[in-house]
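Listed here are the chains, written in short residue letters.
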Amino acid sequence: QVQLVESGGGLVQPGGSLRLSCAASGFTFSNYAMSWYRQAPGKERVLVARITNAGGSTYYADSAKGRFTISRDNAKNTVYLQMNSLKPEDTAVYYCNARMDGFIRRYNYWGQGTQVTVSA
């Protein structure tokens, strides 16, 4: 059974930091690119950051560049998102995503999300 379990969300003041974690199980983690998405109230879910299966390459949305860092530990089947200099506009539910393009189909899994609220 595939599971992606996010943790680390919460309430933080502007300028503060949070570290999100996503623990994966039920699939071969090291074969999957991992991503963090977020969805603010009334808005679409958008990609924040992505890391390749071996961790050699990363991508960041413009909103995350210079403030967020995605990393992974394939030995622990866990992906992280370090978020610094948080702004109120970073408030959203953050979702972990695992994706792999197989020969015939794409494998795509989601976590349940963790709330991040940036407010004074």
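In this report, the structure presented in the accompanying data block is examined. Here the structure is a predicted model, which means the values were calculated and not measured. Going along each chain's sequence as written, the residues are numbered from 1 onward. Two thresholds apply to this predicted model, a pLDDT of at least 70 for residue-level local features and 80 or more for giving and counting side-chain atom pairs, whereas whole-chain, interface and lining totals are computed over all residues. As a rule here, side-chain values cover all heavy atoms of the structure and leave hydrogens and water aside.

Description of the pairing of strand 1 (residues 3-7)
On any regular strand, side chains alternate: one points to one face of the sheet, the next to the other face. Each residue is placed in one exposure class: buried if its accessible area under a 1.4 Å probe, protein chains only, is under 20% of its type's maximum, exposed if it is over 50%, and partly exposed if it falls in between. Starting at the N terminus, helices and strands are each numbered in turn, a helix being any DSSP run of H or I of at least four residues and a strand any DSSP run of E of at least two. Here strand 1 shows one buried face, formed by L4 and E6, and one open face, formed by Q3, V5 and S7. Direction of pairing for strand 1 relative to strand 3 (residues 18-25): antiparallel, over a ladder of five bridges. Note that in strand 3 the partner of E6 across the bridge is C22. Whether two strands pair comes down to DSSP finding at least two bridges between them.

Re the side chain of S35
The residue S35 is located in strand 4 (residues 33-39) in this model. Since its relative accessible area comes to 1%, S35 is described here as buried. A distance of 2.7 Å separates polar atoms of two side chains, one belonging to S35 and the other to R50. The contact criterion used throughout is that any non-hydrogen atoms of two residues lie within 4.5 Å. Beyond its immediate stretch of four places on either side in the chain, S35 contacts L47, A49, R50, I70, Y95, C96 and N97. N or O atoms closer than or at 3.5 Å make up a polar contact, with two conditions inside protein: a donor-capable atom paired with an acceptor-capable one, and, for residues adjacent in sequence, both atoms drawn from side chains.

So, unusual backbone geometry
For N77, which is not a glycine, the phi torsion comes out positive at approximately 55 degrees. Here N77 shows up in the loop between strand 7 (68-73) and strand 8 (78-83). Residue classification places N77 among the partly exposed positions, given a relative accessible area of 25%. Look at S85: it is not a glycine, yet its phi comes out positive at around 50 degrees. Relative to the helices and strands, S85 is located in the loop between strand 8 and strand 9 (92-101). Residue classification places S85 among the partly exposed residues on the basis of a relative accessible area of 41%.

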